[in-house]
Amino acid sequence: MRPKLALVGCGKIGQKHLQALVHSNIAELVATVDVDIERARAAAVPFDARSYPSLESLLALEPIDAVIIATPSGTHRSLTEMALRRGLHVMVEKPLALSGQDATAMVELARQKGRVLTVTQFNRLLPAVSHAIHAYKDGRLGRILEGGVSVRWARPQAYYDQAPWRGTRAMDGGVLFNQAIHALDVLLQFVDPVVEVFAYAATLTHKIEAEDTVAGVMRTRSGALLTVNATTSVAETNLEERVVVVGETGALAIGPTPQQLEFWRVPGDDEALTRQTLAERPARPGWQSHLEALTDFVNAIVEGLPSQLTGASAIPVIRVIEAFIQSAMNHRPISLEEGQAANGV
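The shown structure was predicted, so the numbers you read here are calculated from the model rather than taken from an experiment.

## Examining the side chain of E271
At step 1: One can find E271 in helix α9 (residues 271-279).
At step 2: Assessed through its relative accessible area of 19%, E271 is described here as buried.
At step 3: Within the structure, E271 has its side chain in polar contact with the backbone nitrogen of W264 (distance 3.1 Å).

## What about the pairing of strand β10 (residues 225-231)?
At step 1: Pairing analysis gives 7 bridges linking strand β7 (residues 144-152) to β10, with the strands arranged parallel. Across the sheet, residue G147 finds its bridge partner in β10, namely L226.
At step 2: Strand direction decides the pairing type here: strand β9 (residues 213-220) and β10, joined by 7 bridges, are antiparallel. Bridged to R219 within β10 is L225.
At step 3: Where β9 folds back on β10, the antiparallel hairpin that results is connected by 4 residues, among which G223 adopts a positive phi of roughly 105°.

## Observations regarding the sheet that holds β9
At step 1: Across the sheet, 8 strands lie side by side as β13-β12-β11-β7-β10-β9-β8-β14; this open sheet has mixed pairing. The open sheet has two edge strands with one neighbour each: β13 (261-265) and β14 (334-335).

## Points about the pattern of salt bridges
At step 1: Applying the stated criterion to the full structure yields 17 salt bridges.
At step 2: One salt bridge in this structure joins R140 and D269, with 3.0 Å as the shortest N-O distance. With R140 in the loop between α6 (127-137) and β7 and D269 in the loop between β13 and α9, this pair connects stretches of sequence that are 129 residues apart.
At step 3: The exposure class of D269 is partly exposed, given its relative accessible area of 27%.
At step 4: The partner of R152 in a salt bridge is E240, with the nearest N and O atoms 2.3 Å apart. One end of the pair, R152, is in strand β7; the other, E240, is in strand β11 (residues 240-247), and 88 residues separate them in sequence.
At step 5: For R152, a relative accessible area of 27% corresponds to the partly exposed category.
At step 6: The buried category is assigned to E240, whose relative accessible area is 9%.

## Thoughts on the environment of F47
At step 1: Structurally, F47 is set in the loop between α2 (37-44) and β3 (50-52).
At step 2: When the C-alpha positions of F47 and V30 are compared, they lie 7.2 Å apart, and in sequence the two are 17 residues distant.
At step 3: The residues touching F47, leaving out its near neighbours within four places in the chain, are L18, L21, V22 and L29.

## Let's talk about the sheet that holds strand β2 (residues 28-33)
At step 1: Strand order across the open sheet formed by 6 strands is β3-β2-β1-β4-β5-β6, with parallel pairing between neighbours. Of all strands in the sheet, those with a lone pairing partner are β3 and β6 (117-119), marking the two edges. Shown here is a sheet whose adjacent strand axes are inclined to one another by a mean of 20°, direction ignored.
At step 2: Here strand β1 (residues 4-8) pairs with strand β4 (residues 66-69) via 4 bridges, running parallel. Looking at β4, one finds that V8 is bridged to I69.
At step 3: Each of β1, β2, β4 and β5 (89-92) is contacted by helix α1 (residues 12-22), which is oriented at about 155° to β1, the strand it contacts most.

## A few points about helix α8 (residues 175-188)
At step 1: Along its length, α8 shows its largest kink, about 75°, at I181.
At step 2: Burial of α8 is extensive: 14 of the 14 residues sit out of reach of the surface.

## A look at the packing of helix α4 (residues 76-85) against helix α5 (residues 100-113)
At step 1: Look at α4 against α5: their axes get within 10 Å of each other, and the N-to-C directions meet at 5°. In terms of axis orientation, α4 runs roughly parallel to α5. Residue-level inspection shows H76, R77, T80, E81, L84 and R85 of α4 in contact with α5, the latter providing Q101, D102, A105, M106, L109, A110 and K113.
At step 2: Each residue belonging to the contact of α4 with α5 can be placed in one class, and the counts come to 5 nonpolar, 3 polar and 5 charged.

Scoring rules and cut-offs
Residues numbered from 1 in each chain as written. Predicted model: local features only at pLDDT ≥ 70, side-chain atom pairs only at ≥ 80, totals over all residues. Heavy atoms only, no water. Helix = DSSP H or I, 4+ residues; strand = E, 2+ residues; numbered from the N terminus. Buried < 20%, exposed > 50% of the residue type's maximum accessible area, 1.4 Å probe, protein only. Polar contact = N/O pair within 3.5 Å; in protein donor to acceptor, adjacent residues only side chain to side chain. Pairing = 2+ DSSP bridges. Salt bridge = Lys/Arg side-chain N within 4 Å of Asp/Glu carboxyl O. Contact = heavy atoms within 4.5 Å. Axes fitted to C-alpha atoms, helices over the stretch in contact; angles between N-to-C directions. Bend = angle between axes of the 7 residues up to and from the residue. Parallel < 35°, antiparallel > 145°, perpendicular 65-115°, else oblique. Nonpolar A, V, L, I, M, F, W, Y, C, P; charged D, E, K, R; others polar.

Here's what the structure looks like:
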């Protein structure tokens, strides 16, 4: 069975999904949706698909099995719930939602409807990241003591000006939700639940509503201390996307991109050989991670295989980001329980 899919949102990130679909035959794209109908029509041409100006118009006319949601982040809950209520499976571009309350409601509705709900938090699947997570799960890093995320990217004002929703609180969410969420999600794979955060946030170089720079700290239930530094204010080109993990018996650094190992001090492993083996892997095309997310999604639908990218698995990072934003706004530490209560979770 090849599920019949519709792509909702044919903008910049929607193009990545289209490229993944071009390079795969595991699903059939039968429809595209975009508020810019000409953009939807252009995206539909290579697939001989039909195009629609809204999800509502598609659902009224098109028999499909699943949808991919690649629209501005603030629309994810309403579109996902519309699709789930029609009995469709849903894959959502990250972030799943801009609040823990919304994400939890989406996951619960998918459970009630017996539908698959996944999210493209696919950096977990990258070879360097997956290798590191396996070392942690095998116990070779020991108790995690400290770690951090550094996402320092270049996003000129023109990037935000290209789409009115970028940089807004309601649709974009800011640097943590839009740019740093992948790296922060990876870091959280190595630790027990975060219980408290504190952050400073500012809009330093852009004319946008949301913050473009955040510096924060986290404390986990077991006492591990973690940091996050994120900005879109680097001049000209991206500087880094690093994840560092320090355990009692091992330590590692993924970076300066998530496809590289910068440091690998893990018992039983030769550091130079491990780094060389990963470095010698073939270069990954820009759509590869979206294809892996699509494969995970389709396998969950068709084969009933457990997804590695479930909607539920995205809730922790959303709650942490939500708490960071609340901390920065209130100028004090925020417990995750307090943050959830304040946001109706």
